[in-house]
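The primary structure of each chain is shown beneath.
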Amino acid sequence: MSPEASKNTVDIAHLTNTVFTSTFAATYNDRTGGCNIQLAHHLIDAITPYLPPLPPCSPTKTPNPASTPPSTSPPAPPTPTLRILDSASGPLILTTACASSPTLLAYPHLHITATDISPTFIAHNKSTISSHPHWNNPSPSTTNKKITVNALQMDAQALTLPENEFDLAFASLALFAYPDPVKGVRELQRVLKKGGVAAVTTWRDVGWMKGFREVEGRLREGRERTRWGFLEEWSPRGKLAGVLEEGGLREVGEREVGGEAMWLVLRLLCFPLFLFLKGGHFLGMGDGYADDRAFSRESEEVAAKWVSETLKAMVGESWNEEEKEGMRGAFEEVLKGGEEMGVVRKDGKVGFEMRAWLGVGRKL
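No experiment lies behind these values; they were computed from the predicted model shown. (Residues numbered from 1 in each chain as written. Predicted model: local features only at pLDDT ≥ 70, side-chain atom pairs only at ≥ 80, totals over all residues. Heavy atoms only, no water.)

## Comments concerning the overall build of the protein chain
Rules: Under the DSSP-based scheme used, a helix requires at least four consecutive residues in state H or I and a strand at least two consecutive residues in state E, with every element numbered from the N terminus. Exposed residues in this analysis have more than 50% of their type's maximum accessible area, buried residues have under 20%, and partly exposed residues fall in between, with area computed by a 1.4 Å probe over protein chains only. Here, two residues are considered to be in contact whenever any of their heavy atoms come within 4.5 Å of each other. Each accessible area is a Shrake-Rupley estimate made with a 1.4 Å probe; only the visible protein chains count as cover when residues are assessed.
Along its length, the protein chain carries 14 helices and ten strands. By residue count, 52% of the 364 residues in the protein chain fall in the buried class. Excluding contacts between residues fewer than 6 apart, the proportion of contacts in the protein chain whose partners are at least 24 apart in sequence is 76%. For the protein chain, the computed accessible surface area is about 16,700 Å², with 54% contributed by carbon and sulfur atoms.

Dropping the structure here:
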């Protein structure tokens, strides 16, 4: 690779040291437009057939054996406490999905350990955990199951957790940011109980890429195109499955799942409003009724704000400050386009379709 090509290659290893310890962490949910929440539910659905048996006292039936994938492992004993690891947890998106999943709440006790290398995320997560009305409640009721949640700062490639500890281990949109992704998988395998299941996601295709190329052409005409090395490396089918197998997991499966990063501005009765839609989609600020055209325009402005802020952080020093400052306005223009730019419009929301690989493997 030429020096110029290397300079224009996005290496998101710098995110751990610069971005995830800054305001990026505090605005993470806004930036993702709900797609990470959708992937969290895909991950839970993927591990459901592999769940260990419930204790006999539970009123909920165990998964149908006919729908459970075959395994060479002996049957697991009943599990009163389901232990879950959310590795590289970010702002507890997957943890929250697990703690509200009817399937997982069938177990008498959920014990979730959320780890992340970012001290900003961990500080935020500890505050979230301490203020949650149903987590770490010393006196759970029959309607509010016992849910224990811990937030711990640690490197996903060197977890300071005991072996054979967890029934489930998740890592959503994390492996491609590790210097050594196989080492990260080996850590998931190490801390799983025998027969335990790991489920991970990586990006296959990001819908904003067509828009990014258009923006790049406007702002950096004549310059060599930015290379998204981590996306190019992880987009082919089989890449994720191969890393899971090399990391020691067995009975590995891989499939493609979809989601959308969507943003919406809501205007209501002349009162400022800031909300999250069901599923985590961002709602911005509004101060009155608006026609559909204004509604769509302001949704485009919100989407352009968060997409451009995220991409400015990701491109780092490969773009100069003038180019990065022009990104938001250029994305607003792109978002006025249609499907040719990868733009999705639905129910007043504006955004991009996202595609990911989801891999599942077991510790045998």
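## Examining helix α5 (residues 35-47)
What counts is decided by this rule: Expected span of a helix: the number of residues minus one, times 1.5 Å.
Look at α5: 19 Å from first C-alpha to last across 13 residues, which is about the 18 Å you get at 1.5 Å a residue. On its buried side, α5 packs onto α4 (28-32), α6 (93-99), β4 (166-172), β5 (192-206), β6 (250-264) and β10 (349-362).

## Comments concerning the pattern of salt bridges
Rules: In what follows, salt bridge is the name for a side-chain nitrogen of Lys or Arg lying within 4 Å of a carboxyl oxygen of Asp or Glu.
In this structure the tally under the stated criterion is 20 salt bridges. E216 is paired through a salt bridge with R213; the nearest N and O atoms lie 2.9 Å apart. With E216 and R213 both in helix α9 (residues 209-219) and three residues apart, the pair spans about one turn of that helix. Note on E216: relative accessible area 4%, which makes it buried. One salt bridge connects E232 with R227, and the closest N-O pair in it is separated by 2.7 Å.

## With respect to the packing of α9 against helix α14 (residues 327-334)
The condition is simple: Axis lines are fitted through C-alpha atoms, for helices just across the contact stretch, and the angle between N-to-C directions can take any value from 0 to 180 degrees. Roughly parallel means an angle under 35 degrees; roughly antiparallel means over 145; roughly perpendicular covers 65 to 115; every other angle is labelled oblique. In this scheme the crossing of two helices becomes right-handed for a clockwise turn of the near helix relative to the far one and left-handed for an anticlockwise turn of less than a right angle.
In the contact formed by α9 and α14, the axes pass within 9 Å of each other and the chain directions differ by 125 degrees. Considered as vectors, α9 and α14 are oriented oblique to each other. Judged by the twist between their axes, the crossing of α9 over α14 is right-handed. Taken together, the residues of α14 that come into contact with α9 (itself represented by G211, F212, E214, V215, R218 and L219) are M327, A330, F331, E333 and V334.

## What about unusual backbone geometry?
Positioned with a positive phi, L92 is a non-glycine residue whose angle comes to about 70 degrees. Tracing the backbone through its elements, the reader meets L92 in the loop between β1 (81-86) and α6. Not every positive phi belongs to a glycine, and L173 is a case in point at roughly 50 degrees. With respect to the element layout, L173 can be found in the loop between β4 and α8 (181-191). When its relative accessible area of 13% is taken as the criterion, L173 is described as buried.

## A few points about the packing of aromatic side chains
Spelled out, the test is: Under the pairing criterion, centres of Phe, Tyr and Trp rings, with the six-membered ring standing for Trp, must be within 6.5 Å; the plane angle then separates stacked pairs below 30 degrees from edge-to-face pairs above 60, leaving the rest tilted. In our convention, an over-ring charge means Lys NZ or Arg CZ found within 6 Å of a ring centre and within 35 degrees of that ring's normal.
This structure, assessed with the given rule, holds six aromatic pairs. Seen from their ring centres, W208 and W228 are 5.1 Å apart, and the 65 degrees between their planes marks the pair as edge-to-face. With W208 in the loop between β5 and α9 and W228 in the loop between α9 and α10 (229-234), this pair connects stretches of sequence that are 20 residues apart. Among the residues examined, W208 registers a relative accessible area of 11% and is labelled buried. When the centroid spacing of 5.2 Å and the interplanar angle of 80 degrees are considered together, the rings of F212 and W228 count as edge-to-face. Here W228 lies in the loop between α9 and α10 and F212 lies in helix α9, a separation of 16 residues in the sequence. Here the two residues F212 and W228 agree in accessibility, since each one is buried. Among the aromatic residues, those joined into a cluster by ring pairs are F176, W208, F212, W228, F230 and W319. The residue whose ring lies beneath K239 is W234, and the NZ or CZ to ring-centre distance is 4.9 Å. Its guanidinium or amino end placed over the ring of W306, K305 lies 4.6 Å from that ring's centre, counting from NZ or CZ.

## A short note on the side chain of D116
Applicable threshold: When charges are counted, neither His nor the chain ends are considered; positive counts come from Lys and Arg and negative counts from Asp and Glu. Two N or O atoms form a polar contact when they lie within 3.5 Å of each other; inside protein one atom must be a possible hydrogen donor and the other a possible acceptor, and for residues adjacent in sequence the pair counts only when both atoms belong to side chains.
Tracing the backbone shows D116 in strand β2 (residues 109-116). Among buried Asp, Glu, Lys and Arg side chains, D116 stands out as unpaired, with K126 the closest opposite charge at 12 Å. A distance of 2.8 Å separates the side chain of D116 from the backbone nitrogen of G90, its partner in a polar contact. Of note is the side chain of D116, whose polar atom sits 2.9 Å from the backbone nitrogen of S118.

## Some words on the environment of H134
Positionally, H134 belongs in the loop between α7 (119-131) and β3 (146-153). When its relative accessible area of 32% is taken as the criterion, H134 is described as partly exposed. Residues H134 and I147, spaced 13 residues apart in sequence, show a C-alpha to C-alpha distance of 7.0 Å.

## Some thoughts on the nonpolar core
Note the cut-off: As used in this record, nonpolar core signifies buried Ala, Val, Leu, Ile, Met, Phe, Trp, Tyr and Cys residues forming a set joined through side-chain atoms within 4.5 Å.
By size, the foremost hydrophobic cluster in this structure holds 97 residues, and its most contacted members are L104, W203, W208, F212 and W228. When residues in this core are grouped by element, the largest group, eight residues, is from helix α12 (residues 292-315). Those residues in contact with W208, other than ones at most four positions away along the chain, are W228, L231, V307, L311, F331, F352 and M354.

## Description of the confidence of the model for the protein chain
Which entries qualify depends on this criterion: A residue's pLDDT is simply how confident the predictor is in it, with values from 0 to 100.
Looking at the protein chain as a whole, its pLDDT mean stands at 81, while 76% of the residues score no less than 70. Note on residues 1-5: pLDDT is under 50 here. Beyond four places in sequence and across chains, it has six contacts. Scored below 50 in pLDDT, residues 266-295 makes 66 contacts in the model with residues more than four places away or belonging to other chains.

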